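Commentary on secondary and tertiary structure
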Amino acid sequence: MKRLLSGVKPTGELTLGNYIGALRQFVEMQKEYETFVFVADLHALTVYNDPTELKRRIKDIVAVYLACGLDPKYTTLFIQSENMYHTNLAWILECNSYMGEMSRMTQFKDKSKGKNNEAISCGLFTYPDLMAADILIYDADVVPVGVDQKQHVELARNLAERFNNKYGETFKVPEPIIPSSGAKIYDLQNPEKKMSKTENSSKGCIMLLEDVESARKKIMSAVTDSESKVYYDKENKPGISNLLAIYSSLKGISIEEAENKFKESNYGEFKRCVADEVVKLLTDIQNKYNEVLESGFADKILDDSNAKVRAIAQKKVEEAFSKVGVGR
Ligand code: ATP
Ligand code: LTN
């Protein structure tokens, strides 16, 4: 069975963008692949996070993952920092990656734009190496991510190939998987920008655990355009196109099918249908989230996974250390 791996940073409450661009894929694919999903808590340290908040969010994300349908029968769910081999391998990869290629990472450019060099952590610059370590340490075949992370998975591929050429076959070269619709969900108030848990106005971003009526209002007041016809045109109708992407991915239909369904509707009717789908999703996730918290079984799952992932990672790191020549 092929192996799938992916992670989410606990830098904020999970959003509808995370669900459509990432979580939903994991749930759909977990029976087809040997699935590893983790909370990338070390990645959260690339920017300052309040320690108490961070701890709370890590646990929260585990509960949301389970609420969204990740099933421990199929998925090994773990916390990155509880397996310290990731950072061991990240160092080896850092020493085999170059300033030039790291400087071309568009997410680094975006996140550091306008900031003084003294205010950007080195971790933010080298974090794609840690991400490559997360992937290569498990010999992952596929890595489902939103389109914004594709470049980082490509870096992981290059690093695997480079290492294998230099030191002999060690790492599997992973493939990114990008969802066809909903690869990028945009801010409802500013549909040129990604819906992001850290960077946007709260009116433009829907949180998976937020009050459902507040989510409905956000959809109803999403920015659109001065036309009144519903069709997909990302350039000229970014707001409507974003809502079509949200609707079609939640219904599991194509954008064309969604366009067809709403070709006679005005914006108000269309938005109401999108809002109904979002409310349905949130209600379901929130009910299950409360069940997970009450049952207290998340800790047991994490303990079991931890033993498993450490054993796999230790083997890979020892192999890499031995190949590069460190140790006795
Ligand atoms: P931030 O908003 O803090 O930059 P993020 O949400 O992009 O963070 P993660 O939480 O680590 O970062 O993302 C987890 C996964 O969710 C990634 O695969 C990412 O591509 C995907 N994702 C995040 N936001 C969106 C979005 N708006 N649309 C589609 N996919 C998204
Ligand atoms: N960098 C990713 C989260 C992440 C990840 C990974 C995703 C960390 N390690 C390994 C896939 C595979 C992000 O910021 N979204």
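The following refers to the structure shown.

Rules of the game
Sequence positions are assigned chain by chain, starting from 1 and proceeding in written order. Each chain gets a letter, beginning with A, and each ligand a number, beginning with 1, in the order they are written. Residue-level local features of this predicted model are given only where pLDDT is at least 70; pairs of side-chain atoms are given and counted only at 80 or more, and the full residue set underlies all totals for whole chains, interfaces and linings. Hydrogen atoms and water are omitted, and side-chain values are computed over all heavy atoms in the structure. Under the scheme used here, helices are H or I runs from DSSP no shorter than 4 residues and strands are E runs no shorter than 2 residues, and both carry numbers assigned from the N terminus. The reference for a compact globule is 2.2 Å times residues^0.38; the radius of gyration itself is calculated from the C-alpha atoms. Between two residues, a contact is recorded if the distance between any of their heavy atoms is within 4.5 Å. We get accessible surface area from the Shrake-Rupley algorithm with a probe of 1.4 Å; when it comes to residues, only the shown protein chains can shield them. His is not counted here, nor are the chain ends, while Lys and Arg score as positive and Asp and Glu score as negative. Charge positions are represented by NZ for Lys, CZ for Arg, CG for Asp and CD for Glu. What makes a residue near a molecule or strand is one non-hydrogen atom of that residue sitting within 4 Å of it. Between N or O atoms, a polar contact is any pair within 3.5 Å; within protein, one atom must be a potential hydrogen donor and the other a potential acceptor, and residues adjacent in sequence are included only when both atoms are from side chains. What a helix should span is 1.5 Å times the count of its residues minus one. Here the term buried applies to any residue with accessible area under 20% of the maximum for its type, exposed to any over 50%, and partly exposed to those in between, with areas from a 1.4 Å probe on protein chains only. Throughout this description, the term salt bridge denotes a Lys or Arg side-chain nitrogen within 4 Å of a carboxyl oxygen of Asp or Glu. Strand pairing is assigned whenever DSSP detects at least two bridges linking the two strands. The rule is short: rings of Phe, Tyr and Trp, with Trp giving its six-membered ring, pair when the centres are within 6.5 Å, and they are stacked under 30 degrees, edge-to-face over 60, tilted in between.

Here we take up the overall build of the protein. Secondary structure assignment for the protein yields 13 helices and 5 strands. The C-alpha atoms of the protein give 21 Å as radius of gyration, which agrees with the globular expectation for 328 residues (20 Å, within 12%). For the protein, contacts bridging at least 24 residues in sequence account for 77% of all contacts bridging at least 6. In the form shown here, the protein has an accessible surface area of approximately 15500 Å², with 50% of it arising from carbon and sulfur atoms. When the 45 positive and 48 negative side-chain charges of the protein are each reduced to one mean point, those points stand 1 Å apart.

This brings us to the site of ligand 1. Around ligand 1 sit 22 residues, and of these Lys111, Asp148, Lys194, Ser196 and Lys197 come closest. In the model, an oxygen atom of ligand 1 is placed 2.9 Å from a nitrogen or oxygen of the lysine 9 main chain. In isolation ligand 1 exposes 600 Å². Once the protein is present, 97% of that is buried. Counting residues per element, the ones that place at least two in the shell around ligand 1 are strand S1 (3-8) and helix H1 (16-29). The element that contributes the greatest number of residues to the shell around ligand 1 is H1, accounting for 4 residues.

This part covers the environment of aspartate 110. In this structure, aspartate 110 sits in helix H6 (residues 106-112). On a C-alpha basis, the gap between aspartate 110 and alanine 90 in space is 22 Å, while along the polypeptide they are 20 residues apart.

The next thing to look at is helix H13 (residues 298-324). Three- or four-residue spacings in an α-helix give side chains the same orientation, since the helix completes a turn every 3.6 residues. Counted at 1.5 Å a residue, the expected span for H13 with its 27 residues is 39 Å, and the 38 Å between its end C-alpha atoms agrees. All buried positions along H13 are accounted for by Ala298, Ile301, Leu302, Ser305, Asn306, Val309, Ala313, Lys316, Val317 and Ala320. In this structure, the buried side of H13 is in contact with strand S2 (34-39), helix H3 (51-67), strand S3 (75-79), helix H4 (85-94), helix H7 (122-136) and helix H8 (150-167). Trailing H13 by a residue or two, glycine 325 shows a phi angle of about 95 degrees, which is positive.

In this section: the side chain of arginine 24. Tracing the backbone shows arginine 24 in helix H1. Buried and unpaired, arginine 24 has no salt bridge, with glutamate 28 as the nearest side chain of opposite charge at 4.2 Å. At 3.3 Å, the side chain of arginine 24 and the side chain of glutamine 25 are in polar contact.

For the rest of this paragraph, the subject is helix H10 (residues 238-251). Compared with the 20 Å implied by 1.5 Å per residue over 14 residues, the 20 Å span of H10 between its first and last C-alpha is a close match. Counting buried residues in H10 gives 13 out of 14 residues, a clear majority hidden from the surface. Within two residues after H10, glycine 252 carries a phi angle of roughly 70 degrees, on the positive side.

Moving on, we come to the pairing of S3. The buried count for S3 comes to 5 of 5 residues, which makes it a mostly enclosed element. Across 5 bridges, the pairing between S2 and S3 is parallel. Each residue of the ladder has a partner; that of phenylalanine 36, found in S3, is threonine 76.

Summed over all chains, the structure comprises 22 salt bridges. The salt bridge involving glutamate 213 is made with arginine 216; its shortest N-O contact spans 3.3 Å. Here glutamate 213 pairs with arginine 216, and both are found in helix H9 (residues 212-220), just 3 residues apart, close to one helical turn. Of the residues examined, arginine 216 reaches a relative accessible area of 23% and is grouped as partly exposed. Bridged by salt links that share partners, the residues Glu13, Glu53, Arg56, Arg57 and Asp60 form one connected network.

Before going further, it helps to examine the packing of aromatic side chains. For the coordinates displayed, the defined rule picks out 8 aromatic pairs. Aromatic pair phenylalanine 36 and tyrosine 138: ring centres 5.4 Å apart, planes at 25 degrees, arrangement stacked. Taken as a pair, phenylalanine 36 in strand S2 and tyrosine 138 in the loop between H7 and strand S4 (142-144) lie far apart in primary sequence, 102 residues in all. Side by side, phenylalanine 36 and tyrosine 138 carry an identical accessibility label, which is buried. Centre to centre, the rings of phenylalanine 163 and tyrosine 167 are 4.7 Å apart; their planes meet at 45 degrees, and the pair counts as tilted. With a gap of 4 residues between them, phenylalanine 163 and tyrosine 167 both fall in helix H8, about one helical turn apart. Since its relative accessible area comes to 1%, phenylalanine 163 is described here as buried. Among the aromatic residues, those joined into a ring-pair cluster are Phe36, Phe38, Phe78 and Tyr138.

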